[in-house]
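# Secondary and tertiary structure notes
Residue strings, one per chain:
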Amino acid sequence: MIYVAFFAGAIGAVGGAIAVIAMRNPFYSVIALVIHLVSLAGLFLLLYAQFIAAAQVVVYAGAVMVLYVFVAAYVGAVEEPLWEPIPGQRFLAPLLAAALLVELSIAILGTGLSALDSDGPTLPLGFGTPTQIGNLLLERFLIVFEAASILLLVAAVGAVTLAGRSRGSPDVDRAKEPAA
Amino acid sequence: MTVTWYVVLSAVLFAIGAGGVLIRRSPLVILLCLELMLNAGNLALVAFSRAHGNAEGQVFALIVMVVAACEVVVGLGLIVAIFRRRLPLNVDELRGLKG
């Protein structure tokens with residue numbers, strides 16, 4: 001049963017990931033990424049990470065993807081020209097990715113970590129629940145938690161500064177132009 | 001279901017994301033591929049947390065999600081700014097960093 005769940009999640013995750021890079025239209029790529037994220041949330045559940053799975057679906061597949069959808073709709077379909085700055089990039093890139101995969105696989109399968117070859121220890125009740133994660137975040141990792149909140153604030157302010165309309169810049173409002 | 005399966009799956013997802021960053025030229029899709037790579041890292045972190053029976057890896061995964069959200073916000077802000085200035089949305093043509 002657990003095998004079925006794992007392989008369903010794995011196929012969803014890998015299929016979604018391949019669809020993200022294969023789709024021509026960025027909008028479909030975003031939809032494929034949502035499928036990928038939801039499958040990954042299922043895998044997190046199999047690993048007893050309930051809170052991470054819930055956060056993945058609500059924050060990632062929900063909020064962050066809505067942001068992506070809006071920007072994809074705002075920018076519209078982007079033509080990707082066939083011009084390549086590095087000759088043969090289209091063939092070289094998958095080759096490099098495959099080499100990376102082989103390297104990582106060798107590192108994982110040849111590792112001496114004995115914990116990897118087991119199902120893991122028996123977990124205490126309440127492992128990965130919001131209670132436990134919250135306790136860890138607010139006791140052991142309090143500084144990390146505060147740093148994350150500052151980082152989020154800086155990112156929000158930075159995004160507004162970057163994307164906001166500044167006065168005196170050679171900005172053109174596209175909405176006012178006649179449709180080409 | 002040993003933990004190795006999850007870690008190998010995360011390696012596969014990471015390689016797919018890295019390949020996407022190398023192949024695609026649209027900055028939007030490159031951001032999506034970065035998400036793929038960060039999520040592969042998250043899966044490995046959660047798998048290791050399971051292997052050791054220690055929930056601290058899950059806190060780490062949560063912080064990675066926060067960092068990914070920040071990266072998305074700044075990246076999408078940049079894309080909107082590029083689009084507003086009527087520059088081409090193609091990373092090969094946007095090579096100069098001089099403002």
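Residue positions are counted from 1 within each chain, in the order its sequence is given. The order in which chains are written sets their letters, starting at A; the order in which ligands are written sets their numbers, starting at 1. At least 70 in pLDDT is required for a residue's local features to be given in this predicted model, at least 80 for side-chain atom pairs to be given and counted, and no such filter applies to totals for whole chains, interfaces and linings, which use all residues.

### Quick word on the overall build of chain A
Strands are runs of DSSP state E lasting at least 2 residues, helices are runs of H or I lasting at least 4, and numbering of each runs from the N terminus. When you go through chain A residue by residue, the secondary structure sums to six helices and zero strands. The secondary structure elements of chain A, listed N-terminal to C-terminal, are α-α-α-α-α-α. Buried positions account for 22% of the 180 residues belonging to chain A. Here contacts are defined at the residue level, using C-beta atoms placed from the backbone and a cut-off of 7 Å between them. Counting only contacts in chain A whose residues sit at least 6 apart along the sequence, the fraction spanning at least 24 positions is 52%. Here a residue counts as buried when 20 or more other C-beta atoms fall within 10 Å of its C-beta, as exposed when 12 or fewer do, and as partly exposed in between; the C-beta atoms come from the backbone.

### A word on the interface of chain A and chain B
With 72 residues of chain A in contact, the opposing surface of chain B contributes 66 residues. Looking at the side of chain A that touches chain B, the elements that each hand over two or more residues are helix 1 (2-22), helix 2 (26-46), helix 3 (50-75), helix 4 (89-109), helix 5 (130-139) and helix 6 (142-163) of chain A. For the side of chain A that touches chain B, the class distribution of residues is 60 nonpolar, seven polar and five charged. Note that Gly is not counted as nonpolar here; it falls among the polar residues with everything else outside the nonpolar set of Ala, Val, Leu, Ile, Met, Phe, Trp, Tyr, Cys and Pro and the charged set of Asp, Glu, Lys and Arg.

### Regarding the domain arrangement of chain A
Residue and element names in this part refer to chain A. When its domains are assigned, chain A resolves into domain 1 (1-78) and domain 2 (126-164). Of note, the centres of domain 1 and domain 2, computed from C-alpha atoms alone, are 22 Å apart. Counting from both sides, the interface comprises four residues of domain 1 and, opposite them, five residues of domain 2. In the side of domain 1 that touches domain 2, the residues fall into three nonpolar, one polar and no charged. Residue ranges assigned to the domains are those given by an automatic or database domain assignment.

### Some details on the packing of helix 2 of chain A against helix 3 of chain A
All names here are of chain A. Simply put, an axis is a line fit to the C-alpha atoms, just over the touching stretch for a helix, and the angle between two N-to-C directions goes from 0 to 180 degrees. Where helix 2 contacts helix 3, the two axes come as close as 9 Å, and the packing angle between them is 175°. For the element pair helix 2 / helix 3, the angle class is roughly antiparallel. Packed against helix 2, whose contacting residues are Pro26, Phe27, Val30, Leu33, Val34, Leu37, Val38, Leu40, Ala41, Phe44 and Leu45, the element helix 3 presents Gln50, Ile52, Ala53, Gln56, Val57, Tyr60, Ala61, Met65, Tyr68, Val69 and Ala72 at the interface. Across the contact of helix 2 with helix 3, the residue classes tally to 20 nonpolar, two polar and no charged. Any angle between 65 and 115 degrees counts as roughly perpendicular, while under 35 counts as roughly parallel, over 145 as roughly antiparallel, and the rest as oblique.

### Section: helix 3 (residues 56-84) of chain B
An expected span of 1.5 Å times one less than the residue number is assigned to each helix. Look at helix 3 of chain B: 42 Å from first C-alpha to last across 29 residues, which is about the 42 Å you get at 1.5 Å a residue. One or two residues past the end of helix 3 of chain B sits B:Arg86, with phi positive at roughly 60°.

### Comments concerning the nonpolar core
In terms of nonpolar packing, the biggest core is built from 72 residues, with B:Leu43 and B:Ala47 touching the most fellow members. Those elements that place two or more of their residues in this core are helix 1, helix 2, helix 3, helix 4 and helix 6 of chain A together with helix 1 (3-23), helix 2 (27-52) and helix 3 of chain B. A per-element tally of this core places helix 2 of chain B first, with 16 residues. Residues from two domains meet in this core; each of domain 1 (1-78) and domain 2 (126-164) of chain A gives at least three. Ignoring any residue separated from it by four or fewer positions in sequence, one finds B:Ala47 in contact with A:Leu47, B:Val3, B:Tyr6, B:Val7 and B:Ser10. Residues enter a nonpolar core if they are buried, belong to Ala, Val, Leu, Ile, Met, Phe, Trp, Tyr or Cys, and are joined to the set through C-beta atoms within 7 Å.

### As for the environment of B:Val29
One can find B:Val29 in helix 2. Leaving out residues up to four positions away in the same chain, B:Val29 has contacts with A:Pro26, A:Ser29, B:Gly20 and B:Arg24.

### Thoughts on the packing of helix 6 of chain A against helix 3 of chain B
Helix 3 of chain B packs onto helix 6 of chain A with a crossing angle of 10° between their chain directions and a minimal axis gap of 8 Å. Here helix 6 of chain A is positioned roughly parallel relative to helix 3 of chain B, judged by the angle of their axes. In contact with A:Val144, A:Ala148, A:Leu151, A:Leu152, A:Ala155, A:Ala156, A:Gly158, A:Ala159, A:Leu162 and A:Ala163 of helix 6 of chain A, helix 3 of chain B contributes B:Ile63, B:Val66, B:Val67, B:Cys70, B:Val73, B:Val74, B:Gly77, B:Leu78, B:Val80 and B:Ala81. Of the residues assigned to the contact of helix 6 of chain A with helix 3 of chain B, the class counts are 18 nonpolar, two polar and no charged.

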